[in-house]
Amino acid sequence: METLASKLQETRLSLASTVRSESKRWQHYLAQRATAVKTDLTATLSMTAIERGLLTRVDASLVALDARVRARLDALSKKRTAKRARARKPPVRAVKSHSALAA
């Protein structure tokens, strides 16, 4: 017949074993996460990655600026075309007065 003391001893050993194995699992998980974070951090902070990020943002700004410049140039060329299309009035010639003709 098992005694209460032997059951408690068995339970204590089982609990200690469970805690140890869970602790090992957490250590393994944290070691993997630390490695992954270190790798990501190294990749993020590398000069190539920083340069790529900067150039990507500059490229987006330049594309937007290029679109605005093209739109403005198109607007200016449309205004010029419209002005050229109108018929020009002949230049007004100076009409000599009768008194200037008599002289």
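One can find the structure itself at the top, above this paragraph.
As the structure is a computational prediction, the values presented were derived from the model and not from experiment.

**Quick notes on the overall build of the protein**
Link 1 in the chain: A count of helices and strands for the protein gives 3 helices and 0 strands.
Link 2 in the chain: For the protein, the N- to C-terminal ordering of α and β elements is α-α-α.
Link 3 in the chain: Accessible area of the protein: about 10,400 Å², with a carbon and sulfur share of 62%.

**Observations regarding the packing of aromatic side chains**
Link 1 in the chain: As enumerated under the stated definition, the model contains 1 aromatic pair in all.
Link 2 in the chain: On the basis of an interplanar angle of 90° and a centroid distance of 5.7 Å, the ring pair of tryptophan 26 and tyrosine 29 is categorised as edge-to-face. With tryptophan 26 and tyrosine 29 both in helix α1 (residues 4-44), this residue pair falls 3 residues apart, about one helical turn.

**So, the pattern of salt bridges**
Link 1 in the chain: On inspection of all chains with the given rule, the structure shows 2 salt bridges.
Link 2 in the chain: With its nearest N and O atoms 3.0 Å apart, the salt bridge here joins arginine 70 to aspartate 66. Residue arginine 70 and its partner aspartate 66 are both found in helix α2 (residues 47-85); the two are separated by 4 residues, about one turn of the helix.
Link 3 in the chain: On the basis of relative accessibility, which here comes to 52%, the residue arginine 70 falls in the exposed class.
Link 4 in the chain: On the basis of relative accessible area, aspartate 66 is assigned to the partly exposed category, the value being 36%.

**Thoughts on a nonpolar patch on the surface**
Link 1 in the chain: On the surface, a cluster of nonpolar side chains totalling about 610 Å² of accessible area is made up of Leu54, Val58, Leu62, Leu65, Val69, Leu73 and Leu76.
Link 2 in the chain: Turning to its location among the elements, leucine 73 is positioned in helix α2.

Calculation rules
Residues numbered from 1 in each chain as written. Predicted model: local features only at pLDDT ≥ 70, side-chain atom pairs only at ≥ 80, totals over all residues. Heavy atoms only, no water. Helix = DSSP H or I, 4+ residues; strand = E, 2+ residues; numbered from the N terminus. Areas by Shrake-Rupley, 256 points an atom, 1.4 Å probe, with all protein chains shown as cover. Phe/Tyr/Trp six-rings, centres within 6.5 Å; stacked < 30°, edge-to-face > 60°. Salt bridge = Lys/Arg side-chain N within 4 Å of Asp/Glu carboxyl O. Buried < 20%, exposed > 50% of the residue type's maximum accessible area, 1.4 Å probe, protein only. Patch = residues over 30% accessible without salt bridge, like charges linked within 9 Å, V, L, I, M, F, W, Y side chains within 5 Å.

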